[in-house]
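Architecture at a glance
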Amino acid sequence: VFLRDMALYDQLIETVFADYDIPVFIDEKRGILQHPLTELMRSALEIVAGNWAYDAVFNYLKTDLTGLARDDVDLLENYVLANGIRGNRWIKPFSRGEEDELEELNQWREIVITPLEEMKKALSEQGSFADITRVLYDYLEKQEVEEKIQTWIEELWEQGIYEVVNEYTQIWNMVIDTFDQMVEILGDQQGGLKEYIKVLEAGFSSHELGIIPTTVDQVLVGNIQRSKS
């Protein structure tokens with residue numbers, strides 16, 4: 001199936017072909033800006049720069065790369081909304097609620113704030129873009145993010161979701177490549193976190209995931225210009 005404008009039809013095609021159990025491969029480049037890994041880094045920096053804004057905190061937690069299960073994140077979000085937890089109130093132990101509930105909630109709170117407060121302290125002692133990049137990379141290492149992504153890849157492979165496996169096997173190297181370019185080109189530049197986030201997002205936007213068809217037994221859907229050969 002060849003289309004002039006993929007954006008108009010790709011979601012519709014995925015839905016309809018799935019309804020009829022027809023395997024389909026949509027041949028298009030995919031950006032990495034919304035990937036859980038890049039979202040984790042952007043949100044972590046926004047939390048540190050923006051004093052624990054609600055959207056940044058839960059975008060961060062819903063990447064599933066922070067050590068909290070999604071069910072725990074949902075319970076934590078309900079508590080935060082019900083009790084108006086904002087800004088520096090994350091840093092202090094939660095105090096409203098039943099004792100048994102609070103013990104578990106504060107354990108989750110510690111899982112959330114500990115690595116981010118360590119990052120904030122490290123960033124307060126750094127200045128250049130190269131320094132910020134090193135702090136961000138150290139954060140990823142301490143959180144064992146690469147290992148978590150590798151675990152996802154193995155699980156997806158066992159489930160036969162090969163298209164997503166292709167995405168996840170590329171993403172880490174693209175992130176490291178973006179770090180290398182930032183350090184090489186802008187390493188000595190002095191700037192705040194908000195400026196750094198903008199540059200980091202621009203770097204991520206320049207990368208696209210190229211996905212290889214995982215099987216010949218599927219319908220190929222592509223842009224007529226990209227697929228004309």
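Residues numbered from 1 in each chain as written. Predicted model: local features only at pLDDT ≥ 70, side-chain atom pairs only at ≥ 80, totals over all residues. Heavy atoms only, no water.

1. Some words on the overall build of the protein
Inclusion rule: We count a stretch as a helix when DSSP gives it H or I for four or more residues in a row; a strand needs E for two or more, and each element gets its number in order from the N terminus. A 1.4 Å probe rolled over the protein chains alone gives each residue an accessible area, and that area as a share of the maximum for its type sets the label: buried under 20%, exposed over 50%, partly exposed in between. Between two residues, a contact is recorded if the distance between any of their heavy atoms is within 4.5 Å. Method for areas: the Shrake-Rupley scheme with a 1.4 Å probe, in which residue coverage is limited to the protein chains shown. Charge counting treats Lys and Arg as positive and Asp and Glu as negative, with His and both chain ends excluded. Where a charge lies is defined by one atom per residue type, namely NZ (Lys), CZ (Arg), CG (Asp) and CD (Glu).
Within the protein, the secondary structure is distributed over 10 helices and five strands. The C-alpha extent of the protein, read off along each of the three principal axes, is 60 × 50 × 30 Å. With 229 residues in all, the protein has 42% of them scored as buried. When contacts within the protein are restricted to residue pairs at least 6 apart in sequence, those whose partners lie at least 24 apart make up 70%. Put simply, the protein shows about 12900 Å² of open surface, and 49% of that area lies on carbon and sulfur atoms. Side chains of the protein give 20 positive and 44 negative charges; the mean places of these two sets differ by 8 Å.

2. Describing empty space enclosed by the protein
How we decide: Space inside and on the surface of the protein is sampled on a 1 Å grid over the protein atoms alone, with a cavity defined as a set of points where a 1.4 Å probe fits but cannot get out and a pocket as an open set with protein on both sides within 12 Å along at least 5 of 7 lines; lining residues have an atom within 4 Å of a point. Grid points are joined across faces, edges and corners, and a volume is the space filled by probe spheres set on the points. In this classification, the charged set is Asp, Glu, Lys and Arg, the nonpolar set is Ala, Val, Leu, Ile, Met, Phe, Trp, Tyr, Cys and Pro, and all remaining amino acids, among them Gly, are polar.
Scanning the model with the defined rule gives one cavity of 30 Å³ or more in all. Taken as a whole, the largest cavity spans an internal volume of roughly 40 Å³. Along its surface, the largest cavity is lined by I47, V48, N51, W52, L116, E117 and K120. Those elements that place two or more of their residues in the lining of the largest cavity are helix 2 (36–50) and helix 5 (99–124). Among the elements that line the lining of the largest cavity, the one with the most residues is helix 5, at three residues. Residues of the lining of the largest cavity, tallied by class, amount to four nonpolar, one polar and two charged.

3. Let's talk about the sheet that holds strand 1 (residues 2–3)
To keep it simple, the criterion reads: One requirement defines pairing of two strands: DSSP has to find at least two bridges between them. Lines fitted to the C-alpha atoms define the axes, with helices restricted to the stretch that makes contact. Angles between their N-to-C directions range from 0 to 180 degrees.
If you trace the three strands from one edge of the open sheet to the other, you get 1-5-2, paired in parallel fashion. The open sheet has two free edges, formed respectively by strand 1 and strand 2 (24–27), since each of these has just one partner strand. Bridging between strand 2 and strand 5 (residues 219–223) involves four bridges; their strand directions are parallel. Residue F25 lies in a different strand from strand 5, and its bridge partner there is L220. Each of strand 1, strand 2 and strand 5 is contacted by helix 1 (residues 6–19), which is oriented at about 165° to strand 2, the strand it contacts most.

4. A few points about the pairing of strand 5
Sheet topology note: the strand 1/strand 5 ladder contains two bridges and is parallel. Bridge pairing links F2 to G222 in strand 5.

5. What about helix 2?
Residues that lie three or four places apart on an α-helix share one face, since the helix turns once every 3.6 residues. This is how it is decided: One fewer than the residue count of a helix, multiplied by 1.5 Å, yields its expected span.
Its 15 residues place the ends of helix 2 20 Å apart at the C-alpha level, agreeing with the 21 Å of an ideal helix rising 1.5 Å per residue. The buried count for helix 2 comes to 11 of 15 residues, which makes it a mostly enclosed element. When we look at burial in helix 2, the residues that qualify are L37, T38, E39, L40, M41, R42, S43, A44, L45, I47 and V48. Turning to helix 2, the residues buried within the fold contact helix 3 (54–61), helix 5, helix 6 (129–142), helix 7 (145–158), helix 8 (162–186) and helix 9 (193–205). Backbone geometry just downstream of helix 2 places N51 in the positive-phi region, at approximately 60°.

6. Some remarks on the packing of aromatic side chains
What counts, and what does not: Note on aromatic pairs: the rings of Phe, Tyr and Trp (six-membered ring only in Trp) are paired at centre separations within 6.5 Å, and the planes decide the class, stacked below 30 degrees, edge-to-face beyond 60, tilted for the rest. The criterion for a charge sitting over a ring is simple: Lys NZ or Arg CZ within 6 Å of the ring centre, and within 35 degrees of the ring normal.
Summed over all chains, the structure comprises seven aromatic pairs. Seen from their ring centres, W52 and W90 are 5.7 Å apart, and the 20° between their planes marks the pair as stacked. With a gap of 38 residues between them, W52 in the loop between helix 2 and helix 3 and W90 in the loop between helix 4 (70–83) and helix 5 connect regions that are remote in the sequence. Each member of the pair, W52 as well as W90, carries the same accessibility label: buried. Ring centres of F129 and Y196 lie 5.3 Å apart, and the angle between their planes is 80°; this geometry places the pair in the edge-to-face category. Taken together, the positions of F129 in helix 6 and Y196 in helix 9 put the pair 67 residues apart, joining distant regions of the chain. One exposure class covers both F129 and Y196, and it is buried. Among the aromatic residues, those joined into a cluster by ring pairs are W52, Y54, F58, Y79, W90 and F94. Sitting over the ring of F94, R109 keeps its end group 5.8 Å from the ring centre.

7. With respect to the packing of helix 2 against helix 9
Filter applied, for reference: Angles are sorted into four bins: roughly parallel if under 35 degrees, roughly antiparallel if over 145, roughly perpendicular if 65 to 115, and oblique for all others.
Across the interface, helix 2 lies against helix 9 with an axial gap of 10 Å and an inter-helix angle of 170°. Relative to helix 9, the element helix 2 lies roughly antiparallel. Between helix 2 and helix 9, the contacting residues are T38, M41, R42, L45, E46, V48 and A49 on the first element and L193, Y196, I197, L200, E201 and F204 on the second.

The values are spatial; any link to function lies outside them.
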